[in-house]
Amino acid sequence: MPPVPAPAPTPDDDATLVARCRQGDAGAWQALVMRYQRLVYAIVRRMGDDEHAAADVFQTVFSRLLQHLPRLTDPSRLQAWIVTTAKREALLQRRRAQRTVSMHREGDDGEAVPDWEAADDTDGPEQHLDDLQQLHAVRGALDRLDSRCRDLLGLLFTDSDERVPYEEVARRLGLPVGSIGPTRARCLGKLRALLE
């Protein structure tokens, strides 16, 4: 009996979507997130945690997935990776919560009353995911820029504690100081075109 050939990958199976994500396809990333977001929430809720904990786990799982996409050795086992990561993160958050001090006191009726009100200015999971997707797109576009533009933008747009003065940028790249501004403008134009 001849061996049965493996089924051909479909355009929306996990391995294909991971490959497309690795190429910077935002639609493929959105498809992966939509496919597995309910699973992550269900895992955390089944473990007895509330929706807030589920949202935190969701953010962490997909943030880690974005970081690990280039290193996933078997993209067809993505669901197992997500399940394992969600369970581990939920357990880790539970342990962290047990180590924190409560900011509530017991009221006259026996109910917990907050000692102070903190403004909830944190972004929701959708905003965090949108930020991650934008960051992924910018990184992909930077990788496609020529090395001169990539090096210049890398030196100019770093964290504030690592900023490099124009004189140092000019020295490192062998450019006149006066040409940095116009060169930066051209490089940013190229980056914008890649992001459109």
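Going by the structure above, here's the rest.
Residues numbered from 1 in each chain as written. Predicted model: local features only at pLDDT ≥ 70, side-chain atom pairs only at ≥ 80, totals over all residues. Heavy atoms only, no water.

**A short note on the packing of aromatic side chains**
The cut-off we apply is this: When the centres of two rings from Phe, Tyr and Trp lie within 6.5 Å, Trp using its six-membered ring, the rings pair. Their planes under 30 degrees apart give stacked, over 60 give edge-to-face, and anything left gives tilted. Strands here are runs of E lasting at least two residues and helices are runs of H or I lasting at least four, both read from the DSSP assignment and numbered beginning at the N terminus. Exposure categories follow from relative accessible area, calculated using a 1.4 Å probe and restricted to protein chains: below 20% of the type maximum is buried, above 50% is exposed, and the middle band is partly exposed.
Counting across every chain of the model gives three aromatic pairs. Ring centres 6.3 Å apart and planes at 85° place the aromatic pair Trp29 and Phe62 in the edge-to-face group. Remark: Phe62 occurs in helix α3 (residues 51–68) and Trp29 occurs in helix α2 (residues 26–46); sequence separation between them is 33 residues. In this structure Trp29 comes out as buried when scored by relative accessible area, which is 3%. Centre to centre, the rings of Phe58 and Phe62 are 4.9 Å apart; their planes meet at 50°, and the pair counts as tilted. You can see Phe58 and its partner Phe62 sitting in helix α3, four residues apart, about one turn around the helix. Taken together through their ring pairs, the aromatic side chains of Trp29, Tyr41, Phe58 and Phe62 make up a single cluster.

**Let's talk about the packing of helix α6 (residues 147–156) against helix α8 (residues 180–195)**
Worth spelling out the cut-off: Axes, fitted as lines to C-alpha atoms, cover a helix only where it is in contact. Angles between the N-to-C directions of the axes lie from 0 to 180 degrees. Any angle from 65 to 115 degrees is called roughly perpendicular, while one under 35 is roughly parallel, one over 145 is roughly antiparallel, and all others are oblique. Contacts are assigned to residue pairs with any non-hydrogen atoms lying within 4.5 Å of each other. Following the grouping adopted for this structure description, the nonpolar residues are Ala, Val, Leu, Ile, Met, Phe, Trp, Tyr, Cys and Pro, the charged ones are Asp, Glu, Lys and Arg, and the polar ones are all others, Gly among them.
Between α6 and α8, whose axes approach to 10 Å, the crossing angle comes to 110°. With respect to α8, the element α6 is oriented roughly perpendicular. Residue-level contacts link Arg148, Cys149, Leu152, Leu153 and Leu156 of α6 to Ile180, Thr183, Arg184, Cys187, Leu188, Lys190 and Leu191 of α8. For the contact of α6 with α8, the residue count by class is eight nonpolar, one polar and three charged.

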